[in-house]
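Close look at the chain arrangement
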Amino acid sequence: MTAADAAGPVRIAYSPCPNDTFVFDAWAHGRVPGAPALDVTFADIDITNGMAERGELDVLKVSYAVLPWVLEEYALLPCGGALGRGCGPLVLVKDRSLTQEPGLDLTGKTVAVPSERSTAYLLFRLWAADVLPEGVGKVVVLPFHEIMPAVRDGRVDAGLVIHEARFTYRDYGLHCLADMGEHWESTTGLPIPLGAIIAKRSLGADALRALAESARTSVRMAWADPEVSRPYVRAHAQELDPAVADQHIGLYVNEFTADLGEAGYAAVRGLLTRAAAEGLVPAIAADALAFP
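Parameters at a glance
- Residues numbered from 1 in each chain as written.
- Predicted model: local features only at pLDDT ≥ 70, side-chain atom pairs only at ≥ 80, totals over all residues.
- Heavy atoms only, no water.
- Helix = DSSP H or I, 4+ residues; strand = E, 2+ residues; numbered from the N terminus.
- Rg over C-alpha atoms; globule rule 2.2 N^0.38 Å.
- Buried < 20%, exposed > 50% of the residue type's maximum accessible area, 1.4 Å probe, protein only.
- Contact = heavy atoms within 4.5 Å.
- Areas by Shrake-Rupley, 256 points an atom, 1.4 Å probe, with all protein chains shown as cover.
- Lys, Arg positive; Asp, Glu negative; His and termini not counted.
- Charge placed at Lys NZ, Arg CZ, Asp CG, Glu CD.
- Salt bridge = Lys/Arg side-chain N within 4 Å of Asp/Glu carboxyl O.
- 1 Å grid on protein atoms, 1.4 Å probe; cavity = no way out; pocket = protein on both sides within 12 Å on 5 of 7 lines; lining within 4 Å.
- Points joined across faces, edges and corners; volume = space filled by probe spheres on them.
- Nonpolar A, V, L, I, M, F, W, Y, C, P; charged D, E, K, R; others polar.
- Axes fitted to C-alpha atoms, helices over the stretch in contact; angles between N-to-C directions.
- Parallel < 35°, antiparallel > 145°, perpendicular 65-115°, else oblique.
- Phe/Tyr/Trp six-rings, centres within 6.5 Å; stacked < 30°, edge-to-face > 60°.
- Lys NZ or Arg CZ within 6 Å of the ring centre and 35° of its normal.
- Pairing = 2+ DSSP bridges.

1. With respect to the overall build of the chain
Helix and strand content of the chain: twelve helices and eleven strands. The C-alpha atoms of the chain give 19 Å as radius of gyration, which agrees with the globular expectation for 292 residues (19 Å, within 12%). Dimensions of the chain along its principal axes, counting C-alpha atoms only, are 60 × 40 × 30 Å. Residue burial in the chain is summarised as follows: out of 292 residues, 53% are buried. The contacts of the chain with a sequence gap of at least 6 include a subset with a gap of at least 24, amounting to 81%. For the chain, the accessible surface area stands at approximately 12,400 Å², while carbon and sulfur atoms represent 49% of it. Taken as two groups, the 24 positive and 37 negative side-chain charges of the chain have centres that lie 1 Å from each other.

2. Overview of the pattern of salt bridges
Summed over the entire model, instances satisfying the criterion amount to 13 salt bridges. Residue Arg31 pairs with Asp25 through a salt bridge whose shortest N-O separation is 2.4 Å. A relative accessible area of 33% places Arg31 in the partly exposed class. A relative accessible area of 3% means that Asp25 is categorised as buried. Glu227 is paired through a salt bridge with Arg230; the nearest N and O atoms lie 2.7 Å apart. Note that Glu227 and Arg230 are positioned in helix 9 (residues 226-235) at a spacing of three residues, about one turn of the helix.

3. Let's talk about unusual backbone geometry
Although it is not a glycine, Leu57 adopts a positive phi angle of roughly 65°. Within the secondary structure, Leu57 sits in the loop between helix 2 (45-53) and strand 3 (59-63).

4. Let's talk about the environment of Ala286
Structurally, Ala286 is set in the segment after helix 12 (261-277). Spatially, the C-alpha atoms of Ala286 and Leu106 are 36 Å apart, while their sequence positions differ by 180 residues.

5. Some thoughts on the environment of Leu272
Looking at the element boundaries, Leu272 is found in helix 12. Not counting residues up to four positions away in its chain, the partners in contact with Leu272 are Tyr64, Leu67, Pro68, Val281 and Ile284.

6. Quick word on helix 1 (residues 18-28)
Most of helix 1 is tucked away: ten of the eleven residues are buried. Directly beyond the C-terminal end of helix 1, a positive phi value near 75° is found at Gly30.

7. With respect to empty space enclosed by the protein
Enumeration according to the criterion identifies three cavities of 30 Å³ or more in this entry. Taken as a whole, the largest cavity spans an internal volume of roughly 280 Å³. What lines the largest cavity is a set of 22 residues, among which Ile45, Ile162, His163, Leu194 and Gly195 lie closest to the centre. Along the lines of polarity and charge, the residues of the lining of the largest cavity split into ten nonpolar, nine polar and three charged. By volume, the second largest cavity amounts to about 40 Å³. If you go around the second largest cavity, the residues you meet are Leu123, Leu126, Trp127, Asp130, Met180, His183, Trp184, Thr187 and Arg274. If you list the elements that add at least two residues to the lining of the second largest cavity, you get helix 4 (119-131) and helix 7 (180-188). Looking at side-chain class alone, the lining of the second largest cavity contains five nonpolar, two polar and two charged residues.

8. Notes on the packing of helix 1 against helix 10 (residues 242-252)
The interhelical angle for the contact between helix 1 and helix 10, taken along N-to-C directions, is 70°, at an axis separation of 8 Å. Between helix 1 and helix 10, the interaxial angle falls into the category roughly perpendicular. Of the residues in helix 10, those in contact with Pro18, Asn19 and Phe22 of helix 1 are Ala245, His248, Ile249 and Tyr252. Among the residues making up the contact of helix 1 with helix 10, the classes are represented as five nonpolar, two polar and no charged.

9. Considerations on the packing of aromatic side chains
Inspection of the entire model under this criterion finds six aromatic pairs. Ring geometry for Phe24 against Trp27: centres 6.1 Å apart, planes inclined by 35°, an arrangement best described as tilted. Of this pair, Phe24 and Trp27 both sit in helix 1, separated by three residues, roughly a single helical turn. An identical accessibility class is assigned to Phe24 and Trp27; each is buried. Geometrically, the ring pair formed by Phe124 and Trp127 is tilted, given 5.9 Å between the ring centres and 35° between the ring planes. Here the residue Phe124 and the residue Trp127 both occupy positions in helix 4, the gap between them amounting to three residues, near one helical turn. Take Phe124: its relative accessible area is 1%, and that puts it in the buried class. One Lys or Arg, Arg117, reaches over the ring of Trp69 and ends 3.7 Å from the middle of that ring.

10. Quick look at the pairing of strand 11 (residues 192-200)
Looking along a regular strand, one sees the side chains alternate between the two faces of the sheet. For strand 11, the tally of buried residues reaches nine of nine residues, placing the bulk of the element in the interior. Summarising the sheet, strand 3 and strand 11 pair through five bridges and their orientation is antiparallel. Across the sheet, the residue bridging to Lys61 is Ile197, located in strand 11. As paired strands, strand 4 (residues 74-76) and strand 11 are joined by three bridges and run antiparallel to one another. Counted as the bridge partner of Tyr74 is Lys200 from strand 11.

Written as structure tokens, this is what we have:
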């Protein structure tokens with residue numbers, strides 16, 4: 001059986017961010033041999049996390065942080081997602097003096113985060129547990145594109161940012177207080193798990209394997225001829241400078257996108273195990289990440 005044997009198009013949701021449109025360009029445009037057609041919904045990852053929890057759609061790009069709530073219905077695909085090194089979320093502040101104090105202190109401070117079901121939030125909480133003895137004053141959830149303006153305008157004291165904000169925060173007059181990915185890598189030696197591709201287990205093992213191969217082939221085709229994907233990337237990232245979009249792709253689409261491998265799976269297990277120990281997520285079964 002091939003992926004093309006599936007009945008009708010595969011209903012998939014992923015973000016309009018450059019890394020996702022780059023990864024799925026060949027597949028979405030029918031250039032992957034033997035792959036089924038895709039019925040694509042574009043949605044930010046906090047939306048797709050909710051879709052996964054409600055069991056919507058066949059394939060979804062979600063935060064690794066949401067896996068403990070959805071692995072009974074969905075299987076983690078071993079490719080297509082986002083892990084890496086030097087690509088973690090940042091905590092930003094407007095007050096530069098906070099970055100120069102001998103000890104970090106967010107006691108009584110308000111920190112904006114993009115979602116409490118995001119991998120960024122788990123990494124933030126794990127970092128805070130290690131380095132902030134007094135904890136954080138208050139956490140508020142804002143759409144990720146509103147966080148830097150909120151910090152700049154003084155509506156919050158700090159902000160946890162993701163995606164291309166790593167490249168643009170200085171344009172807002174902001175300063176990096178801490179790098180969540182740097183902390184994760186220095187304490188675990190593992191890559192940073194960010195976004196996962198999941199598919200419904202009810203599709204069956206053969207279809208799941210075929211979907212994974214379609215995603216992997218789509219990634220490799222994008223690497224083989226990056227220019228082909230540029231119109232799709234730009235059409236869905238119109239506010240991004242093309243150079244920033246290229247940086248975004250270069251950072252988030254890497255060897256782990258083609259295959260999680262041992263290090264990738266170890267990173268995912270490590271994140272979820274640590275988060276469960278802190279009471280942030282439910283514990284997962286030993287075989288929950290196994291791919292059919």
